[in-house]
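An overview of the molecular structure
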Amino acid sequence: MKKEMKKILVTGSVGQIGSELTMELRRRYGADNVIATGRKTEPSEELRNSGPFHFIDCTRIETIEEMVTKYNIDTIYHMAAILSAVGEKNPQLCWDVNMNGTINILELGLKYKMARIIVPSSIAVWGPGIPLENTPQETVLRPTTMYGVTKVCAELLCDYYVQKFGLDIRGLRYPGIISYETLPGGGTTDYAVAIYYEAVDKGKYTCFVREDTRLPMMYMPDCIEGTIQLAEADFSKLKRHSDFNHAAMSFSVTELAAEIKKHIPDFEVAYEPDYRQEIADSWPNSIDDSAAREEWGWKPKWDLSSMTEDMIKHLRARKESGTLYR
Ligand code: SER
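Notes on the structure in this doc start here. (Residues numbered from 1 in each chain as written. Predicted model: local features only at pLDDT ≥ 70, side-chain atom pairs only at ≥ 80, totals over all residues. Heavy atoms only, no water.)

**Some remarks on the site of the ligand**
Which entries qualify depends on this criterion: By convention in this text, a residue qualifies as near a molecule or strand provided that one of its non-hydrogen atoms is within 4 Å of it. N or O atoms within 3.5 Å of each other form a polar contact, as long as, within protein, one can give a hydrogen and the other can take it, and as long as residues adjacent in sequence are counted only when both atoms are side-chain atoms. Each accessible area is a Shrake-Rupley estimate made with a 1.4 Å probe; only the visible protein chains count as cover when residues are assessed. Residues were grouped as follows: Ala, Val, Leu, Ile, Met, Phe, Trp, Tyr, Cys and Pro as nonpolar; Asp, Glu, Lys and Arg as charged; and all remaining residues, including Gly, as polar.
Taken together, Leu83, Ser84, Ser122, Tyr147, Gly187, Thr188, Thr189 and Trp283 form the complete shell of residues around the ligand. In the environment of the ligand, an oxygen atom lies 2.6 Å from a nitrogen or oxygen atom belonging to the backbone of threonine 188. Between threonine 189 and the ligand, the recorded distance is 2.8 Å, taken from a side-chain N or O atom to a nitrogen atom. Here the ligand loses 93% of its free accessible area of 240 Å² to cover by the protein chains. Tallied by class, the residues present in the shell around the ligand amount to three nonpolar, five polar and no charged.

**Some thoughts on the sheet that holds strand 9 (residues 176-178)**
Put simply, the rule is: If DSSP finds at least two bridges between two strands, the strands pair. Helix and strand definitions here come from DSSP, where helices need a minimum of 4 consecutive H or I residues and strands a minimum of 2 consecutive E residues; each element is numbered from the N-terminal end. Between the N-to-C directions of two axes lies an angle of 0 to 180 degrees, each axis being a line fitted to C-alpha atoms and, for a helix, fitted only over the stretch in contact.
Spatial strand order, 9-11-13: three strands in an open sheet with mixed pairing. The two strands at the open ends of the sheet, each matched to only one other strand, are strand 9 and strand 13 (249-252). Taking the axes of each pair of neighbouring strands and ignoring which way they run, one obtains an average angle of 45° across the sheet. Both strand 9 and strand 11 (residues 214-219) contribute to a ladder of three bridges, which runs parallel. Bridge pairing in strand 11 links glycine 176 to methionine 217.

**Side note on the sheet that holds strand 4 (residues 75-78)**
Note the threshold: Pairs of residues are marked as contacts when any of their non-hydrogen atoms sit within 4.5 Å.
Spatially, six strands are ordered 3-2-1-4-5-7 in an open sheet, and the strand pairing comes out parallel. Looking at which strands have only one partner, the edges of the open sheet turn out to be strand 3 (53-55) and strand 7 (169-170). Summarising the sheet, strand 1 (residues 8-11) and strand 4 pair through four bridges and their orientation is parallel. Each residue of the ladder has a partner; that of threonine 11, found in strand 4, is histidine 78. Contacts between helix 5 (residues 91-111) and the sheet are confined to strand 1, strand 4, strand 5 (116-118) and strand 7, with strand 4 contributing the most and set at about 170° to the helix.

**What about the side chain of histidine 78?**
Within the fold, histidine 78 resides in strand 4. Engagement of the side chain of histidine 78 in a polar contact is seen with the side chain of threonine 102, the distance being 3.4 Å. Residues contacting histidine 78, with those up to four places away along its chain left out, are Thr11, Cys58, Gly101, Thr102, Ile105, Ile118, Val119 and Pro120.

**Looking at the pattern of salt bridges**
So the rule is basically this: Just to be clear on terms, a salt bridge is a Lys or Arg side-chain nitrogen sitting within 4 Å of an Asp or Glu carboxyl oxygen. Buried residues are those whose accessible area, probed at 1.4 Å on protein chains only, stays under 20% of the maximum for their type, while exposed residues exceed 50% and partly exposed ones sit between those limits.
With the rule as written, the count across this model stands at 23 salt bridges. Of the charged contacts in the structure, one is a salt bridge between glutamate 42 and arginine 48, with a shortest N-O distance of 2.9 Å. Close ionic contact of lysine 319 with aspartate 201 constitutes a salt bridge, the shortest N to O distance being 4.0 Å. Of this pair, lysine 319 sits in helix 12 (residues 304-320) while aspartate 201 sits in helix 7 (residues 191-202), placing them 118 residues apart in sequence. For lysine 319, a relative accessible area of 39% translates into the label partly exposed.

**A short note on the pairing of strand 10 (residues 204-207)**
Covered by surrounding structure in strand 10 are Tyr205 and Cys207 only, the residues Lys204 and Thr206 on the alternate face being uncovered. By the bridge criterion, four bridges tie strand 10 to strand 14 (residues 268-271) in an arrangement that is parallel. From the neighbouring strand, threonine 206 faces strand 14, where its bridge partner is alanine 270.

**Digging into the packing of helix 5 against helix 6 (residues 146-165)**
For clarity, the cut-off: Each angle is binned into one of four classes, with values under 35 degrees roughly parallel, values over 145 roughly antiparallel, values of 65 to 115 roughly perpendicular, and all other values oblique. Two helices that cross are described as forming a left-handed crossing if the nearer one is turned anticlockwise from the farther one by less than a right angle, and a right-handed crossing if clockwise.
Where helix 5 meets helix 6, the axes come as close as 9 Å, and the angle between the chain directions of the two elements is 15°. When the axes of helix 5 and helix 6 are compared, the pair comes out roughly parallel. In this structure, helix 5 meets helix 6 at a crossing whose hand is right-handed. Facing Pro91, Cys94, Trp95, Asn98, Met99, Thr102, Ile103, Leu106, Glu107 and Leu110 of helix 5, the residues of helix 6 in contact are Met146, Tyr147, Val149, Thr150, Cys153, Ala154, Leu157, Cys158, Tyr161 and Phe165.

Everything listed here is a matter of geometry and, on its own, says nothing about what the molecule does.
In structure tokens, the structure reads:
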């Protein structure tokens with residue numbers, strides 16, 4: 001029988017995805033039923049004023065447990081993570097937050113018999129040895145970043161808790177996520193967000209990866225929709241659990257810049273690749289997400305052209321009101 005999700009805890013709710021996911025969950029399930037948490041960064045006024053918010057530290061299980069008991073939590077969206085670029089600067093922190101944070105969430109899931117736990121994964125699970133185009137669901141996972149290592153381990157750990165303890169856990173491999181509400185924090189795909197901000201703000205951008213770098217990407221509304229769709233899918237129909245490939249579009253920086261130029265004709269891009277180039281080169285160009293489409297009906301709505309139009313419209317409005325970077 002499908003257990004109900006009544007009280008939801010979101011970790012990493014101040015982050016790029018967590019902030020928008022929390023607001024959407026509040027719209028769908030009721031503001032007081034979605035408990036937002038973060039580690040250090042102050043939440044936006046919207047996040048803090050729209051429902052409960054608390055600071056926790058996922059590496060300290062007692063700080064999560066306090067929330068679980070206080071609010072009678074039955075569902076966790078575990079969005080807290082150290083991303084790829086920051087992870088390469090501080091691999092121990094990346095391991096600590098991503099691995100110890102995740103096992104703490106799973107242990108509390110068991111202890112309090114939770115209805116559901118969602119743990120996102122990433123295109124960072126891949127590394128050398130994969131087919132770069134349309135990377136299949138099943139292929140070697142040999143990441144070369146600490147972030148990727150932790151994401152592979154977390155997928156396996158989640159599947160272990162599903163098989164061994166019957167815990168209901170779901171996860172999907174996010175591509176680079178593009179959005180205009182909250183800036184991403186320390187990932188390799190951040191250039192695909194920064195380029196829009198700088199195009200609107202200054203009409204030029206210096207990109208930290210080469211122009212021919214092509215990675216799988218997705219617009220935030222699709223990311224949120226897909227995440228909630230997977231969370232609400234019938235568990236008995238899922239053959240996989242923690243590692244669904246999740247795709248929408250793929251483009252090179254040249255193609256992205258050309259699309260932006262349709263709206264900002266004088267836009268100029270320069271290229272100064274740094275250590276993040278190597279990370280980007282180890283990830284797929286595009287991915288095959290047919291398992292997600294078959295098992296829980298995934299279908300993206302946004303492509304490069306519609307996303308670019310929407311991003312520029314929103315960022316221009318923010319620039320005019322003097323709140324581009326908030
Ligand atoms: N956006 C992430 C990163 O670049 C990938 O999951 O680290």
